[in-house]
Each structure stands twice: as structure tokens, then as C-alpha cells.
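# Commentary on secondary and tertiary structure
For reference, the chains in residue letters:
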Amino acid sequence: MKISDIASISDAQKFILDLYPNDNRDFSYVFGYATRHLGYLCKSLCKNSPSVEEFIRSISWLLALANKLEVDVEVSLIKRHPDICPYCVVAPCKCRWTGKKPAIGIKAYKIPEELFYRAEQIKREKKADFQSHCERLAIIYPGNAYKWDAIGPWQLTSKMQEELAEVHEAATRYLSGRKSIDAVAEEFADLFAWLLSAWGLSFPEGNVDDSFIEYYLAGCPVCGNNENCECELFADLSTQLVDSDKIKELEKLFLALSSEVGFDGDEVSEVLQSLEAASKSQSEPVARAAVDQAKAKTEELEKLVERGAKNAKNATTIAQAIYKAIENFPFVG
Ligand SMILES: [Zn+2]
Ligand SMILES: [Zn+2]
């Protein structure tokens with residue numbers, strides 16, 4: 001599946017399968033990364049600063065997990081949320097008033113038939129990409145937006161984590177022969193429903209399918225391969241923890257600034273020592289303090305520049321690069 005040909009959720013799932021074939025990364029391996037990225041996304045949602053990339057990484061690892069279990073995410077989503085809520089069988093959802101029972105006079109045995117009929121209609125007549133599904137969910141569950149406005153993202157993030165746990169439970173029961181694959185597919189549909197609802201509320205002007213395509217335009221974001229990823233096991237991008245390479249980069253910038261300004265007093269060497277300690281220990285408390293120390297000293301050096309030190313232009317450019325590097329440390333702020 002070529003990145004430019006992706007037009008549906010199934011295409012995106014196939015693209016992930018081609019890029020990351022079902023090789024020696026087993027169920028637990030893929031589940032671990034899905035958990036990591038969903039966890040980081042939930043943290044960012046709670047801080048009101050989720051990034052598009054965090055959503056795409058979570059979606060991608062969940063698609064990879066679905067590939068591992070041969071669950072078709074598009075089919076599962078349409079089957080589970082076919083323009084109506086599967087519990088109260090209407091849209092907008094009235095579960096809050098019916099206690100998750102049908103809001104219309106429909107007998108239990110007729111519910112699957114109604115859901116099936118609606119799902120078939122979507123398959124025939126409507127688009128099946130992530131964004132369309134995201135918009136359908138907003139119509140079925142407008143209550144999510146009210147809660148988001150009233151109490152923030154807490155309910156959505158806890159639901160996402162709960163559903164991820166349920167995917168694991170359903171999957172291990174399926175893998176040990178105690179549950180059907182349909183039960184696993186249903187859990188995937190629920191998890192994706194919460195995830196796509198969170199996307200819609202975080203990026204109301206965005207388009208999740210376009211963002212997915214953009215993320216993979218240059219191939220695997222770690223090894224850069226377009227056809228098949230050639231990453232070693234556990235090769236990944238550092239996103240949240242202290243990365244010594246990034247600290248060393250800051251150290252270089254800071255050294256460049258001090259020599260540009262022509263200032264190399266004890267305080268400069270102390271900053272360098274602190275940054276070295278941070279990159280060596282990769283400990284967050286040390287890194288936070290070291291980065292803070294570097295920032296304060298950079299501000300002082302900048303003031304010296306303003307007072308007429310030579311090479312003012314270069315020094316200002318380096319100082320800006322330092323602030324940018326500091327802003328990009330995930331543990332800062
Ligand atoms: Zn409902
Ligand atoms: Zn790769």
C-alpha cells in the first residue's frame with residue numbers, strides 16, 4: 001500500500017502492515033509500544049498540549065496491534081458504531097437517561113439486525129476514513145464535547161486507558177482460546193472510538209487522515225525506509241525521557257555561546273559540568289536542574305551581548321537556538 005493511495009482506515013492499516021510486517025515483534029512487544037504512546041498521549045491531553053504526532057503514533061501502534069491479531073479496525077468501527085449508539089440504538093446517544101438500554105421500543109434480539117442494517121448502509125454509501133468516523137462519533141456522542149468543555153479531557157483519557165486494558169484482556173483470552181476474535185474487535189472499536197473523539201475535540205480543524213499520511217511521507221520515522229522498516233528491535237525515538245544526545249547538543253550550543261561572548265568564568269564551567277552530569281546520569285531531576293541552570297546563564301550572557309560584546313548577531317542566534325532546544329525537552333515545563 002503506497003502512502004499516496006491511502007483513502008480509508010483499512011488502507012492505513014494495510015500501509016502499517018506493509019511498512020512493519022508481522023515479523024518477530026510479538027503481541028506483547030507491540031502492545032508495550034501501544035501502551036507507551038497512548039500513555040504519553042493521555043499525559044499531553046491532561047496538560048492540554050497534545051501533538052498531532054502523539055495521536056498518529058498511538059493510532060499507528062494500535063493498527064499494528066490489530067494487524068498482529070488480524071482484526072480489521074475499519075469493519076469493527078463501522079459494526080460497533082454504525083451512526084447509532086449500540087446500547088440505546090439511537091443518535092444522539094440517550095444512554096444517560098435509559099441506563100444503557102434501548103431508547104426505542106426494540107426487542108433485544110432485533111438490535112444486532114438494526115446495527116447490521118446501518119453498518120451495511122455506511123459501507124455502501126459513506127466514506128470509511130478516520131476523519132469521517134471521527135465526525136460520525138461526534139454526532140452519536142455530543143455529550144463528549146459537553147464534558148470536555150466542562151471538566152476537561154479526564155473522562156476521555158481514563159476511558160482510553162480502560163479500553164486499552166480491555167483490549168489486552170480480550171486479546172489474551174482470544175490467544176488462549178477462551179474468547180472469540182469478535183470480542184477483541186469490539187474492544188478495538190471502543191478504544192478507537194474514544195481516541196478519535198479525543199482527536200476531534202483536540203483538533204477540530206484538523207484532518208486525521210491527512211496527518212497520518214504526512215507523518216509517513218518520508219517512510220518509517222526512525223530508520224527512514226519507505227518500503228519495509230529496517231529498525232532493530234527496541235529502536236525508537238526518544239520522546240519523553242532524558243536523551244543524552246540532546247543534552248550534549250545543548251552543551252555544544254552553550255559552549256559556542258560562551259566563546260562567542262568571550263566569557264568563560266567559573267559559572268560557565270559549572271553549567272557545562274551540570275549538563276555533563278545530566279547526560280551521564282540521564283536522570284530527570286539532574287537534567288531539569290541542569291537545563292534550568294543553562295537557561296539562566298544564557299539569559300545573563302545575552303544581556304552581556306546587549307551591553308556591547310562583539311559578535312552580537314551570532315551570539316543572539318545561538319542563544320535563540322539554546323531556548324528552542326530547551327523548549328523541546330519533553331520533561332521541561
Ligand atoms: Zn447510547
Ligand atoms: Zn524503521
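The text that follows walks through the structure, step by step, so that each part is easy to find. Every value quoted in this text rests on a predicted model; they were computed, and no experiment measured them.

Reading guide: rules and limits
- Residues numbered from 1 in each chain as written.
- Chains lettered and ligands numbered in written order.
- Predicted model: local features only at pLDDT ≥ 70, side-chain atom pairs only at ≥ 80, totals over all residues.
- Heavy atoms only, no water.
- Helix = DSSP H or I, 4+ residues; strand = E, 2+ residues; numbered from the N terminus.
- Expected span 1.5 Å × (residues − 1).
- Buried < 20%, exposed > 50% of the residue type's maximum accessible area, 1.4 Å probe, protein only.
- Contact = heavy atoms within 4.5 Å.
- 1 Å grid on protein atoms, 1.4 Å probe; cavity = no way out; pocket = protein on both sides within 12 Å on 5 of 7 lines; lining within 4 Å.
- Points joined across faces, edges and corners; volume = space filled by probe spheres on them.
- Donors = N, O, S within 2.8 Å, 3.2 Å for Na, K, Ca; no water.
- Tetrahedral: all angles 85-135°; square planar, octahedral: opposite > 155°, others 65-115°.
- Nonpolar A, V, L, I, M, F, W, Y, C, P; charged D, E, K, R; others polar.
- Salt bridge = Lys/Arg side-chain N within 4 Å of Asp/Glu carboxyl O.
- Phe/Tyr/Trp six-rings, centres within 6.5 Å; stacked < 30°, edge-to-face > 60°.
- Lys NZ or Arg CZ within 6 Å of the ring centre and 35° of its normal.

Next up on the list: helix α2 (residues 27-46). With 20 residues, α2 should reach 28 Å at 1.5 Å per residue; the first-to-last C-alpha distance of 28 Å fits that figure. Of all the residues in α2, the buried ones are Phe27, Tyr29, Val30, Phe31, Tyr33, Ala34, His37, Leu38, Leu41, Cys42, Ser44 and Leu45. Lining the buried residues of α2 we find α3 (52-69), α8 (143-151), α9 (154-175) and α10 (181-202). Where α2 terminates, the next one or two residues include Asn48, which has phi positive at roughly 55°.

This part covers empty space enclosed by the protein. Taken as a whole and judged by the stated rule, the model has 3 cavities of 30 Å³ or more. Of the voids in this model, the largest cavity is the one considered here, and its volume is about 320 Å³. Lining the largest cavity are 23 residues; nearest its centre among them are Tyr20, Trp61, Pro221, Val222 and Ala235. Elements with a minimum of two residues in the lining of the largest cavity: α2, α3 and α11 (208-216).

Let us now look at the coordination of the zinc ion (ligand 1). Around the zinc ion (ligand 1), the protein contributes the donor atoms Cys85 (SG), Cys88 (SG), Cys93 (SG) and Cys95 (SG), at 2.2 to 2.4 Å from the metal centre. If you look at the zinc ion (ligand 1), its 4 donor atoms make angles of 101 to 116° with each other, and the shape they trace is tetrahedral. Written as a sequence motif, the donor residues of the zinc ion (ligand 1) are C-x2-C-x4-C-x1-C. No difference in accessibility class separates Cys85 from Cys88, as the two residues are buried.

For the rest of this paragraph, the subject is the layout of surface pockets. By volume, the largest pocket is sized at about 790 Å³. Cys93, Cys95, Tyr141, Asn144 and Trp194 are the residues nearest the centre of the largest pocket, which is lined by 29 residues in total. Taken together, the elements giving at least two residues each to the lining of the largest pocket come down to α5 (95-98), α7 (130-140), α8, α9 and α10. Per-element tally for the lining of the largest pocket: the top contributor is α10, with 6 residues. Looking at the lining of the largest pocket residue by residue, the classes come out as 13 nonpolar, 5 polar and 11 charged. If you trace the second largest pocket, you find 14 residues lining it, with Ser44, Glu54, Thr239, Gln240 and Pro330 closest to the centre. Secondary structure elements with two or more residues in the lining of the second largest pocket: α2 and α3. With 3 residues, the single largest contributor to the lining of the second largest pocket is α3.

One can find Arg136 in helix α7. Of the residues examined, Arg136 reaches a relative accessible area of 8% and is grouped as buried. Sequence-distant contacts of Arg136, defined by excluding residues within four places in its chain, comprise Asp83, Ile122, Lys126, Lys127 and Ala128.

Turning our attention to the pattern of salt bridges. For the structure on display, the rule yields 14 salt bridges. As a salt-bridge pair, Arg36 and Asp236 come within 3.0 Å of each other at their nearest N and O atoms. Remark: Asp236 occurs in the loop between α11 and α12 (244-261) and Arg36 occurs in helix α2; sequence separation between them is 200 residues. Note on Arg36: relative accessible area 29%, which makes it partly exposed. The class of Asp236 is partly exposed, set by a relative accessible area of 32%. In this structure, Lys127 engages Asp129 in a salt bridge whose closest nitrogen and oxygen atoms are separated by 3.5 Å. On the accessibility criterion, Lys127 (57% relative accessible area) is exposed. Residues joined by salt bridges that share partners form a network here, namely Arg80, Glu186 and Asp190.

Take the packing of aromatic side chains next. Here the structure, examined in full by the defined rule, presents 12 aromatic pairs. The interplanar angle of 50° and the centroid separation of 5.0 Å between the aromatic rings of Tyr29 and Phe234 together place this pair among those described as tilted. Of the two residues, Tyr29 is situated in helix α2 and Phe234 in the loop between α11 and α12; the sequence distance between them amounts to 205 residues. What makes Tyr29 buried here is its relative accessible area of 11%. Relative accessible area serves as the criterion here: at 57%, Phe234 is assigned to the exposed category. Plain terms: the ring middles of Phe130 and Phe192 are 6.1 Å apart, the flat faces sit at 20° to each other, and that makes the pair stacked. A residue pair is termed long-range when its members are at least 10 positions apart, and Phe130 in helix α7 and Phe192 in helix α10 qualify at 62 residues. Three or more aromatic residues joined by ring pairs form one cluster here, namely Phe15, Phe212, Tyr215 and Tyr216. Taking the ring centre of Tyr87 as reference, the NZ or CZ of Lys100 above it sits at 4.4 Å.

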